[in-house]
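Structural overview
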Amino acid sequence: MSYDRDPQLRLLEGSRDEKVRPNQTPNVPDQYVQDLQRDLNALGYAAGKIDGWFGPRTGDAVRAFQRDARGPRRQEQASALQAGRRFTEESPVYTGEVNGVVDQATALEIRRWKEHRWQRPDSGGSFPIEDIRDRLPINPNLTARIRQPNHIDRLVLHCTDAPPTWGAMACATYDVHPNHISARGCPTITYTYFVNADGLVQKCLSHDVVSWHAGDWNFRGLGIVLAYRATGNAAPPPTAQLEAAAELFARLCDSLGLLPVPNVVGHRELKGTGYVIDAHGQVKLRKECPGLKVNLNEFRQETARRLTSLKASP
Ligand SMILES: [Zn+2]
């Protein structure tokens, strides 16, 4: 039997699939927790590793799902063919508790979301993010790969290294045409979020679309770019821009279950694409991105500070 058809269903923190620890209680039938974790991850709620063990992370994911299920906003899952995604409003059917406990009502709602191919809506909240996914050009000849959000373990800060007036539309147009990365162009814009010089944040891609921003790290990395010219620039990015970026990183850490250390990095900190170790064992930078005037340790600290206050707020 699958967990969502069990009338006696009750999964909560501490539940574990029978075969994970056969001699410990509380036990639930085999695969129940694993299937739940797989479903939550697929819907965009980072439940962590699919290990059959209902820990705090799975509990957070359940609570986040229950909270969203009580609201009207639904988001359609990206298909391999479309980089963008549409939103629909539905009258909520789930009227249960937000308690992190999966009973039959919660399981039925998870099944309903799967059947409709809905996915976690953008949090946004008090932090405005302009959604421009439907407006950006994509490459008609290439199809982006799709991943699940629990595959993301690096949030990668980049800069455009172009004049700050060069926006997301210009960036996307450049990226999907033949360019320095690929003679066929990239399938989509290379960055998931675009942070403008004045602090305006734009969402360019769904999290499950794999973009070409960091070589071998593309699949597990989510790219965030500052509209900022680093080359030959003695000045760091404007404070408003860095603060907006740190707030975005904090919110992404929160929703994806990541931490400023080790999950937040600058492009130049990624081995292979950002730096190599030379024959003498010395680090050799291949990229300065997002610019040597961007202090990445300070950026992580600022992200951590914002993440702490985000978690403390109700
Ligand atoms: Zn970069």
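Note that the coordinates shown come from a computational prediction; the quantities given were computed from them, not determined experimentally.

Rules behind the numbers
Residues numbered from 1 in each chain as written. Predicted model: local features only at pLDDT ≥ 70, side-chain atom pairs only at ≥ 80, totals over all residues. Helix = DSSP H or I, 4+ residues; strand = E, 2+ residues; numbered from the N terminus. Rg over C-alpha atoms; globule rule 2.2 N^0.38 Å. Buried ≥ 20, exposed ≤ 12 C-beta atoms within 10 Å, placed from the backbone. Contact = placed C-beta atoms within 7 Å. Domains from an automatic or database assignment. Axes fitted to C-alpha atoms, helices over the stretch in contact; angles between N-to-C directions. Parallel < 35°, antiparallel > 145°, perpendicular 65-115°, else oblique. Left-handed = near helix turned anticlockwise from the far one by under 90°. Nonpolar A, V, L, I, M, F, W, Y, C, P; charged D, E, K, R; others polar. Core = buried A, V, L, I, M, F, W, Y, C linked by C-beta atoms within 7 Å.

Another point: the overall build of the chain. When you go through the chain residue by residue, the secondary structure sums to seven helices and 13 strands. For the chain, whose C-alpha radius of gyration is 21 Å, the value lies close to the compact-globule estimate of 20 Å for 314 residues. Its C-alpha atoms give the chain principal-axis dimensions of about 65 × 45 × 40 Å. When the 314 residues of the chain are sorted by exposure, 44% land in the buried category. Considering only contacts in the chain between residues 6 or more positions apart, those separated by 24 or more positions represent 67%.

On to the domain arrangement of the chain, then. On domain assignment, one finds that the chain holds domain 1 (3–119) and domain 2 (129–312). With centres defined by C-alpha atoms, the gap from domain 1 to domain 2 works out at 29 Å.

Two quantities define a packed helix pair, namely the angle between the helix axes and the distance between the axes. Running from N to C, helix α5 (residues 239–256) and helix α7 (residues 296–312) cross one another at 55 degrees; their axes reach a closest spacing of 8 Å. The angle between α5 and α7 places the two elements in the oblique class. α5 and α7 meet at a crossing whose hand is right-handed. Counted together, Ala246, Glu247, Phe249, Ala250, Arg251, Cys253 and Asp254 of α5 and Phe299, Glu302, Thr303, Arg306, Leu307, Leu310 and Lys311 of α7 form the full contact between these two elements. Grouping the constituent residues of the contact of α5 with α7 by class yields seven nonpolar, one polar and six charged.

Let us now look at the nonpolar core. In this structure, Val195, Ile224 and Ala245 are the most contacted members of the largest nonpolar core, which totals 50 residues. Elements represented by at least two residues in this core include exactly β7 (154–159), α4 (168–176), β8 (193–195), β10 (221–226), α5, β11 (264–266) and α7. Sort the elements by how many residues they give to this core and α5 lands first, with nine residues. Apart from residues no more than four positions distant in its own chain, Ala245 is found in contact with Leu157, Val195, Ile224 and Leu226.

Now for the packing of helix α1 (residues 32–43) against helix α2 (residues 56–69). Remark: α1 packs on α2, axes separated minimally by 11 Å, with the N-to-C direction vectors making an angle of 55 degrees. Here α2 runs oblique to α1, going by the angle between their axes. Once α1 is placed against α2, the crossing between them reads as left-handed. Counting all contacts with α1, which are made through Gln37, Leu40 and Leu43, the residues of α2 involved are Thr58, Ala61, Val62 and Phe65. Across the contact of α1 with α2, the residue classes break down as five nonpolar, two polar and no charged.

All right, on to unusual backbone geometry then. The omega torsion of the bond from Val261 to Pro262 falls at 15 degrees, within 30 degrees of zero and hence cis. With respect to the helices, strands and loops of the structure, Pro262 is situated in helix α6 (residues 260–263). That bond from Cys289 to Pro290 is cis: its omega, 5 degrees, falls within 30 degrees of zero. Looking at the secondary structure, you find Pro290 in the loop between β13 (283–285) and α7.

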